[in-house]
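# Fold and contact review
Here are the chains, one letter per residue:
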Amino acid sequence: MEEVKYELSEFKAAWQAKCPRCRVGHVYKGPAYGLKVQKMNSHCEYCGLRYEREPGYFYGAMYVTYAFAIAEMVTACMATYIFTGNDSSFILYATVAILSVVLMSPFNYRYSRIILMYWLTPGLRYDPNVKKKEVDVKASA
């Protein structure tokens, strides 16, 4: 009997923080929000893909984090205006903007890197034919 492999869609795999090449292995250890600091795996435990393709690879994720932070601050400040109707309190809006970025920083950290790997890195694409441990982890380190 043939083994039937369930394939995740691209967006579902990205939301679950799966490896962009095999969509099976986990990119992070543990959840986004918790008492422990998020840790990123260095390699995919299924296919052996090295996530940090070169030194400084994830610096590009800062631009995605910046876009997330701006969108979150604008949304939070607009919601504050809708709920309070106050448009003259600088302290209120500064506090709301800073709190929104601080509270969303674990999300921003995780998903800015995921977006970088899934959609902003040329040559890193899903391969449905990748085999378990196709790439030797020690050779690619």
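The notes below deal with the structure included here. What you see is a predicted model, and the numbers here were worked out from it, not measured in a lab. (Residues numbered from 1 in each chain as written. Predicted model: local features only at pLDDT ≥ 70, side-chain atom pairs only at ≥ 80, totals over all residues. Heavy atoms only, no water.)

This paragraph deals with a nonpolar patch on the surface. Side chains of Tyr 66, Ile 70, Val 74 and Met 78 sit close together on the surface and give an oily, nonpolar patch of about 410 Å² of accessible area. Tracing the chain through its elements places Tyr 66 in helix 2 (residues 61-84). A residue is classified by how much of its surface remains accessible, and Tyr 66, at 57% relative accessible area, is exposed. (Patch = residues over 30% accessible without salt bridge, like charges linked within 9 Å, V, L, I, M, F, W, Y side chains within 5 Å. Areas by Shrake-Rupley, 256 points an atom, 1.4 Å probe, with all protein chains shown as cover. Salt bridge = Lys/Arg side-chain N within 4 Å of Asp/Glu carboxyl O. Helix = DSSP H or I, 4+ residues; strand = E, 2+ residues; numbered from the N terminus. Buried < 20%, exposed > 50% of the residue type's maximum accessible area, 1.4 Å probe, protein only.)

In this structure, Cys 44, Cys 47, Tyr 51, Ile 114 and Met 117 are the most contacted members of the largest nonpolar core, which totals 26 residues. Elements represented by at least two residues in this core include exactly helix 1 (10-15), helix 2 and helix 3 (90-119). If we skip the residues at most four places from it in the chain, Met 117 touches Pro 20, Val 27, Met 40, Tyr 51, Tyr 57, Phe 58 and Leu 124. (Core = buried A, V, L, I, M, F, W, Y, C linked by side-chain atoms within 4.5 Å. Contact = heavy atoms within 4.5 Å.)

Once that is clear, we can look at the packing of aromatic side chains. Under the defined criterion, the tally for this structure stands at eight aromatic pairs. Residues Trp 15 and Tyr 111 carry aromatic rings whose centres are separated by 5.2 Å and whose planes lie at 10° to one another, so their mutual orientation is stacked. Taken together, the residues Trp 15 in helix 1 and Tyr 111 in helix 3 connect sequence positions 96 residues apart. A relative accessible area of 56% means that Trp 15 is categorised as exposed. The exposure class of Tyr 111 is buried, given its relative accessible area of 11%. Measuring from ring centre to ring centre gives 5.5 Å for Tyr 118 and Trp 119, while their planes differ by 45°; the resulting arrangement is tilted. (Phe/Tyr/Trp six-rings, centres within 6.5 Å; stacked < 30°, edge-to-face > 60°.)

Structurally, Ala 79 can be placed in helix 2. By relative accessible area, Ala 79 is classed as partly exposed at 28%. Along the chain, Ala 79 and Val 96 lie 17 residues apart, while their C-alpha atoms are 9.8 Å from each other.

Taking 1.5 Å of rise per residue, the 24 residues of helix 2 would be expected to cover 34 Å, and the 34 Å separating its terminal C-alpha atoms lies within 8% of that figure. Within the sequence span of helix 2, burial applies to Ala 61, Val 64, Phe 68, Ala 69, Glu 72, Ala 76, Cys 77 and Thr 80. (Expected span 1.5 Å × (residues − 1).)

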